[in-house]
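Overview (structure and organization)
Residue strings, one per chain:
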Amino acid sequence: MQPSRLFQRLLPKMPRLSRPASSLLTALSVFALANLSAQEAPPGPAPETTETPATPPLPETPAPAEPAPGEPTPPAPSPLPEPPPAARFRPTQPTQPTQPTAPAVAPKPPEETVGPLILRNEKRDQVLDLYERWTGKVLLRPASLPEAEITLTLDKPLPKSEALRAIETLLSMHNIGLTQLGERFIKVSQLNVIRAEAPDYIEGSTLDFPPSGRIATKLYVLNFLRVAEFIPQVSQLLSPALGAAPMVFEKSNSVLITDTLYNLQRIEQLIATLDRPASASQAVKAYTVVNAKASDLVNKLRTLLSGPLAAQIGTTTTYQADDRTNVILLISDVREQAFFDDLISRLDAEASPNTRSEVIFLKHANSTEVEALLSKLITGQSTAAQREAGSAGRLSGTRLNPTPAAPAANGAPPPPAAAGLVSDTAASEEFSSLLT
């Protein structure tokens, strides 16, 4: 039976109570009804329980030993300070170096363009007025300038700087030069006197500027070339209309040149190519002579390499003998060393001796007398050979054109051809200069 119906049945049978007792009875009834409802309700699912991991037991701290009677009590150890909460839970992170921020570069404004422009035989003054208007500077003109008729065609718009370079080049071709004077003025003068008008002096490289006919001055300092040898060759590249010879400074090995900008650029490129050490490709090599004397071998080399062959060898090639160590020192280009290797190896080849020694035993003669007789014979033959060395073809002429023998008188037989015998045996009777 439900609790509400039971309460409704019992309520009429109860005696009438006072107001406080009635209120208390009502509260007890509501409480009893709530308990009965909870008991009659079906059981719900069991709540999930999370197992908490077991905490490992803390190590037991040994109790401090009690001091013996009469000993002082040791001080208690001070507890360690606990870290602050922020340091306990916040991991430390490495600090990153701050990168310097580059200043913002303002974009370069676009250059002003001019054109199209067509000039046909325009007068000099009109072109100078146009140049003055484009540059915004004042042109200082002399009383006399070369007359010129200038033609220029700009078929499309160009940057103003390029158009100004074109006019400067055309004026230079007509012997008219322009010199910058500060920020406001430009001086106009003839090319043959512009050297004395303080043209623009370029301290750095001329290759940093666009080529043009503008007149400028540049000081070139040479490191390896001799300025006295370089200037006569470079003078042929300068503009003849300027009439400005280069100023040479021999002590500092430098030269000051005034010319158009594109000529100065050509000279700078030429110096960069030629002004290099001559020994950049030179090498030293030593040859040890084995079968000859070093000084004799060097003399043979100089004889062989004289005349037309001397032009085939570099001007910086040199070789010298050191008789103390019997070595030939060669300083030449690396590409020439193969030629000297082959030549010196052939001259220093091993050769068999052209003399030999022999002992002759005499049986019936005195060796001292025979030695004296042989010495006179050898000396006489050598002297005669040296005396007749100037007559060419002595022996060959005797063999080719023999003199006929004269007929003998009274029918006697002709004498033997003694002259032909002497001529045939003359070569065999000549002794070597090495005979001793």
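Data block above holds the structure.
Here the structure is a predicted model, which is why all the values come from computation and not from measurement.

**Describing the pattern of salt bridges**
The final tally for this structure, using the stated rule, is 11 salt bridges. Of the charged contacts in the structure, one is a salt bridge between Asp125 and Arg141, with a shortest N-O distance of 3.9 Å. Taken together, the residues span a long stretch of sequence, with Asp125 in helix 4 (residues 124-135) and Arg141 in the loop between strand 3 (138-140) and strand 4 (149-154) at a distance of 16 residues. The class for Asp125 is partly exposed, based on a relative accessible area of 36%.

**What to know about the sheet that holds strand 6 (residues 176-181)**
Taken in spatial order, the three strands of this open sheet run 3-7-6, and their pairing is mixed. One side of each edge strand has no neighbouring strand; the edge strands of this open sheet are strand 3 and strand 6. Taken over all neighbouring pairs, the strand axes of this sheet differ in orientation by 30° on average, direction set aside.

**Some remarks on the packing of helix 8 (residues 294-304) against helix 9 (residues 337-347)**
As a packed pair, helix 8 and helix 9 sit with axes 11 Å apart at the nearest point and diverge in direction by 125°. Taken as axis vectors, helix 8 and helix 9 run oblique relative to one another. The hand of the helix 8/helix 9 crossing is right-handed. Judged by residue contacts, Leu297, Lys300, Leu301 and Leu304 of helix 8 engage Leu343, Ile344 and Leu347 from helix 9. Looking at side-chain class alone, the contact of helix 8 with helix 9 contains six nonpolar, no polar and one charged residues.

**Considerations on the environment of Glu111**
Among the secondary structure elements, Glu111 is positioned in the loop between helix 3 (85-89) and strand 1 (113-114). You can call Glu111 partly exposed: its relative accessible area is 46%. Once residues within four sequence positions are removed from consideration, Glu111 is found in contact with Pro159, Lys160 and Ser161.

**Remarks on the packing of aromatic side chains**
Evaluated as defined, the whole model comprises two aromatic pairs. Between Phe339 and Phe340, the aromatic rings sit 5.5 Å apart at their centres with planes inclined by 80°, giving edge-to-face as the arrangement. We classify Phe340 as buried; its relative accessible area is 1%.

**Re the nonpolar core**
In terms of nonpolar packing, the biggest core is built from 24 residues, with Tyr131, Trp134, Ile167, Leu171 and Val188 touching the most fellow members. When neighbours within four sequence positions are excluded, Tyr131 is seen to be in contact with Leu139, Leu164, Ile167, Glu168, Leu178, Gln180 and Ile186. Among the nonpolar cores identified, the runner-up in size contains 15 residues, and Leu222, Val227, Leu261 and Ile267 belong to it.

**Looking at unusual backbone geometry**
Unlike most non-glycine residues, Asn121 shows phi in positive territory, near 55°. In this structure, Asn121 sits in strand 2 (residues 117-123). Phi at Asn175 is positive, roughly 65°, even though this residue is not glycine. Residue position: Asn175 is located in the loop between helix 5 (160-173) and strand 6. Residue Asn175 is classed as partly exposed on the basis of its relative accessible area, which comes to 35%.

Thresholds, definitions, all that
Residues numbered from 1 in each chain as written. Predicted model: local features only at pLDDT ≥ 70, side-chain atom pairs only at ≥ 80, totals over all residues. Heavy atoms only, no water. Salt bridge = Lys/Arg side-chain N within 4 Å of Asp/Glu carboxyl O. Helix = DSSP H or I, 4+ residues; strand = E, 2+ residues; numbered from the N terminus. Buried < 20%, exposed > 50% of the residue type's maximum accessible area, 1.4 Å probe, protein only. Pairing = 2+ DSSP bridges. Axes fitted to C-alpha atoms, helices over the stretch in contact; angles between N-to-C directions. Parallel < 35°, antiparallel > 145°, perpendicular 65-115°, else oblique. Left-handed = near helix turned anticlockwise from the far one by under 90°. Contact = heavy atoms within 4.5 Å. Nonpolar A, V, L, I, M, F, W, Y, C, P; charged D, E, K, R; others polar. Phe/Tyr/Trp six-rings, centres within 6.5 Å; stacked < 30°, edge-to-face > 60°. Core = buried A, V, L, I, M, F, W, Y, C linked by side-chain atoms within 4.5 Å.

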